[in-house]
Amino acid sequence: GQLEDELVHRDAFYQVADRLGGRLQTSAPVAKLIAFLKILDGVMSLSLMNVVAEKWLENIFRALERSGICPELFASVGDDEKRHVYGALLLPKGDPREAQTLMSQLELLLLDVSRDPQFLLPLSFLVGEEATARIGLGNVRAHKEACAHLGVSPGPAIRKIEAASRAALREIKRKSRPWPMN
């Protein structure tokens, strides 16, 4: 089941991290997001965790897969996350008012994670600056789809993530590139 998948993913990530130089302690923004997801209960718990959070993770794992770092592992994890998302899409949606309240809280936590250097710097190192910015835009697109499914509206935190991702892409394109020296 899903819990077993998550435990296998965690252990595999630990092994990859150890081979690439070690693990960082969980940052405060990530710890707050995990704590929030753990206290959710009922239908909304499954919807927010699987329709929203797992879709964000699937997007990140697909980028890691394309980066060439352990592509088989990240392809498998991405497939698991996709299965979790689409299984949750078949479940009852719950009360949209409750969903909107919880979604607003979740979005603020996701914004904090998206600004967290302990999250962004390793990701950028692994997949590159442009791919990291594109992950942000992909997560915003996935988030808007999840909101539509749940009957809620994305909030200002998601617009901030989208604006920051677009600004990063513009800056990357504006940067001068070194001339080849051969």
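Details of the structure are given in the entry above.
Everything in this summary refers to the structure shown in the same document. (Residues numbered from 1 in each chain as written. Predicted model: local features only at pLDDT ≥ 70, side-chain atom pairs only at ≥ 80, totals over all residues. Heavy atoms only, no water.)

Looking only at helices and strands, the chain has eight helices and zero strands in total. For the chain, the sequential pattern of α-helices and β-strands runs α-α-α-α-α-α-α-α. A compact globule built from 182 residues would reach a C-alpha radius of gyration of about 16 Å, and the chain, at 17 Å, matches this within 12%. On the principal axes, the C-alpha backbone points of the chain span a range of 60 × 35 × 30 Å. Classification of the 182 residues of the chain by burial places 40% in the buried group. A sequence separation of at least 24 residues applies to 81% of the contacts in the chain between residues at least 6 apart. (Helix = DSSP H or I, 4+ residues; strand = E, 2+ residues; numbered from the N terminus. Rg over C-alpha atoms; globule rule 2.2 N^0.38 Å. Buried < 20%, exposed > 50% of the residue type's maximum accessible area, 1.4 Å probe, protein only. Contact = heavy atoms within 4.5 Å.)

Counting residues in each nonpolar core, the largest one holds 27 residues, and the members touching the most others are Leu33, Phe36, Leu37, Leu48, Val52, Met103 and Leu106. Elements with a contribution of two residues or more to this core: α2 (28-39), α3 (43-67), α5 (96-114), α7 (129-150) and α8 (156-174). Top element by residues in this core is α5. It accounts for eight residues. If sequence neighbours within four positions are ignored, leucine 33 has contacts with Leu106, Leu109, Leu110 and Val113. Of all hydrophobic cores here, the second largest spans nine residues; its members include Phe61, Leu64, Val77 and Val127. (Core = buried A, V, L, I, M, F, W, Y, C linked by side-chain atoms within 4.5 Å.)

Spanning 19 residues, α8 covers 27 Å between terminal C-alpha atoms, matching the ideal 27 Å at 1.5 Å per step. Among the residues making up α8, those that are buried are Ala157, Ile158, Ile161, Glu162, Ser165, Leu169 and Ile172. Buried residues of α8, seen end-on, are gathered within an arc of 145° and therefore sit on one face of the element. Turned more than 90 degrees off the buried face of α8, the exposed positions are Pro156, Arg170 and Arg174. Looking at the buried side of α8, the elements it contacts are α3, α5 and α7. (Expected span 1.5 Å × (residues − 1). Arc of directions from axis to C-beta.)

What follows concerns the pattern of salt bridges. The final tally for this structure, using the stated rule, is 12 salt bridges. Arginine 97 is paired through a salt bridge with aspartate 95; the nearest N and O atoms lie 3.4 Å apart. Judged by relative accessible area, which is 65%, arginine 97 ranks as exposed. Taking the relative accessible area as the measure of exposure, aspartate 95 reaches 31% and is therefore partly exposed. Lysine 175 is the salt-bridge partner of glutamate 129, the closest N and O atoms lying 2.9 Å from each other. Taken together, the positions of glutamate 129 in helix α7 and lysine 175 in the segment after α8 put the pair 46 residues apart, joining distant regions of the chain. What makes lysine 175 partly exposed here is its relative accessible area of 32%. In the salt-bridge network here, residues are joined through shared partners; they are Lys55, Glu58, Arg62, Glu65 and Asp79. (Salt bridge = Lys/Arg side-chain N within 4 Å of Asp/Glu carboxyl O.)

This part covers the packing of α5 against α7. The relative placement of two packed helices comes down to the angle between their axes together with the axis-to-axis distance. Two elements in contact, α5 and α7, have axes separated by 10 Å at closest approach and are oriented at 165°. Of the possible angle classes, the one that applies to α5 and α7 is roughly antiparallel. The element α5 and its partner α7 pack so that their crossing is right-handed. On the side of α5, the interface is formed by Pro96, Met103, Glu107 and Leu110, while α7 contributes His143, Cys147 and Leu150. Class assignment for the residues of the contact of α5 with α7 results in five nonpolar, one polar and one charged. (Axes fitted to C-alpha atoms, helices over the stretch in contact; angles between N-to-C directions. Parallel < 35°, antiparallel > 145°, perpendicular 65-115°, else oblique. Left-handed = near helix turned anticlockwise from the far one by under 90°. Nonpolar A, V, L, I, M, F, W, Y, C, P; charged D, E, K, R; others polar.)

Let us look at the environment of valine 113. Within the secondary structure layout, valine 113 lies in helix α5. Take valine 113: its relative accessible area is 8%, and that puts it in the buried class. Each C-alpha atom of the pair valine 113 and valine 30 lies 5.9 Å from the other, and the pair is 83 residues apart in sequence. Sequence-distant contacts of valine 113, that is, excluding residues within four places in its chain, are made with Pro29, Val30, Leu33 and Phe119.

What follows deals with the packing of aromatic side chains. Here the distance between the centres and the angle between the planes together describe a pair of aromatic rings. Within this structure, the stated rule accounts for three aromatic pairs. On the basis of an interplanar angle of 20° and a centroid distance of 6.0 Å, the ring pair of phenylalanine 61 and phenylalanine 74 is categorised as stacked. Taken together, the residues phenylalanine 61 in helix α3 and phenylalanine 74 in helix α4 (residues 71-88) connect sequence positions 13 residues apart. Site record: aromatic cluster; members linked through ring pairs are Phe13, Phe61 and Phe74. (Phe/Tyr/Trp six-rings, centres within 6.5 Å; stacked < 30°, edge-to-face > 60°.)

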